[in-house]
Amino acid sequence: MAMEIERRFRVANDGWRGLAEGVRYRQGYLSVEKERTVRVRVVGEQAWLTLKGHVTDVSRHEFEYAIPLADAQTMLDSMCPMVVDKLRYRIEHGGFVWEVDEFFGENAGLVMAEIELPAEDTPFAKPAWLGEEVTHDGRYTNAHLSKNPYTRWPKA
């Protein structure tokens, strides 16, 4: 069984810029619930259907399947009312790859970083540009952002 173990952080500053080239991700959701999400993702000329099931705030069962690009685009355009558009930057630091997501559209202004780990208690070095950890705050999941975009959140 596939398991995703991931920690999420806000990005505190622009120190990450220029460390990698961004790749556009467009992803839509067929189901957005804490217990399960079903996502269609397009990256370049490739597409996937992903199913995730909640285990803990850090761990989820994850099943991902390649699908035809044309099918994914049709699903995104006709079946996914909740879409997230972002650039993803893959940055190596301390023996791990950090994925920095710069969001656009209704999530513009939000920049997040996440790291996948082999176990929930795996230690890792934090880059200087990393901000507050938000792993346990469900508002920062891509699934939640698709339904409740960042630009609509009340300003503190």
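Scroll up to find the structure.
Residues numbered from 1 in each chain as written. Predicted model: local features only at pLDDT ≥ 70, side-chain atom pairs only at ≥ 80, totals over all residues. Heavy atoms only, no water.

1. Focus on the pairing of strand β3 (residues 36-43)
This is how it is decided: Residue burial is assigned from relative accessible area. The probe radius is 1.4 Å, only protein chains are included, and a residue is buried under 20% of its type maximum, exposed over 50%, and partly exposed in between. Per the convention used, a helix needs a DSSP run of H or I reaching at least four residues, while a strand needs a run of E reaching at least two, with both numbered from the N terminus. Each pair of strands is called paired provided DSSP finds at least two bridges between the two strands.
The element β3 is extensively covered by neighbouring structure, given that seven of its eight residues are classed as buried. Bridge count for strand β2 (residues 23-32) against β3 is seven bridges, and the pairing is antiparallel. Within β3, the residue paired with V32 across the bridge is T37. Bridge count for β3 against strand β4 (residues 46-54) is eight bridges, and the pairing is antiparallel. By the bridge assignment for β4, V43 is matched with Q46. Between β3 and β4, which follow one another and run antiparallel, lie two residues, and G44 among them has a positive phi close to 60°.

2. Structural notes on the pattern of salt bridges
Selection criterion: In what follows, salt bridge is the name for a side-chain nitrogen of Lys or Arg lying within 4 Å of a carboxyl oxygen of Asp or Glu.
All chains considered together, the criterion is met by 17 salt bridges. Notably, a salt bridge pairs K86 with D101, separated by 3.0 Å at the nearest N-O pair. Placement of the pair is K86 in strand β6 (residues 82-93) and D101 in strand β7 (residues 96-103), with a sequence separation of 15 residues. Judged by relative accessible area, which is 1%, K86 ranks as buried. A residue is classified by how much of its surface remains accessible, and D101, at 2% relative accessible area, is buried. Note that R139 and D137 form a salt bridge whose closest N and O atoms lie 2.8 Å from each other. Given a relative accessible area of 37%, R139 falls into the partly exposed group. Judged by relative accessible area, D137 falls into the partly exposed class, the value being 24%. Overlapping salt bridges bring together K86, R88, R90, E99, D101 and E114 as one network.

3. Brief notes about the nonpolar core
Within soluble globular proteins, side chains that are nonpolar generally end up buried alongside one another. Where we set the bar: Here, nonpolar core refers to any group of buried Ala, Val, Leu, Ile, Met, Phe, Trp, Tyr and Cys residues whose side-chain atoms link them within 4.5 Å. Residue contacts follow a heavy-atom distance rule, with two residues in contact if any of their heavy atoms lie within 4.5 Å.
In terms of nonpolar packing, the biggest core is built from 16 residues, with V11, W16, W98, V100, A113 and W129 touching the most fellow members. Discounting chain neighbours no more than four positions away, the residues touching V11 are W16, V100, V111, M112, A113, W129 and G131. Among the nonpolar cores identified, the runner-up in size contains 13 residues, and V84, F103, Y140 and L145 belong to it.

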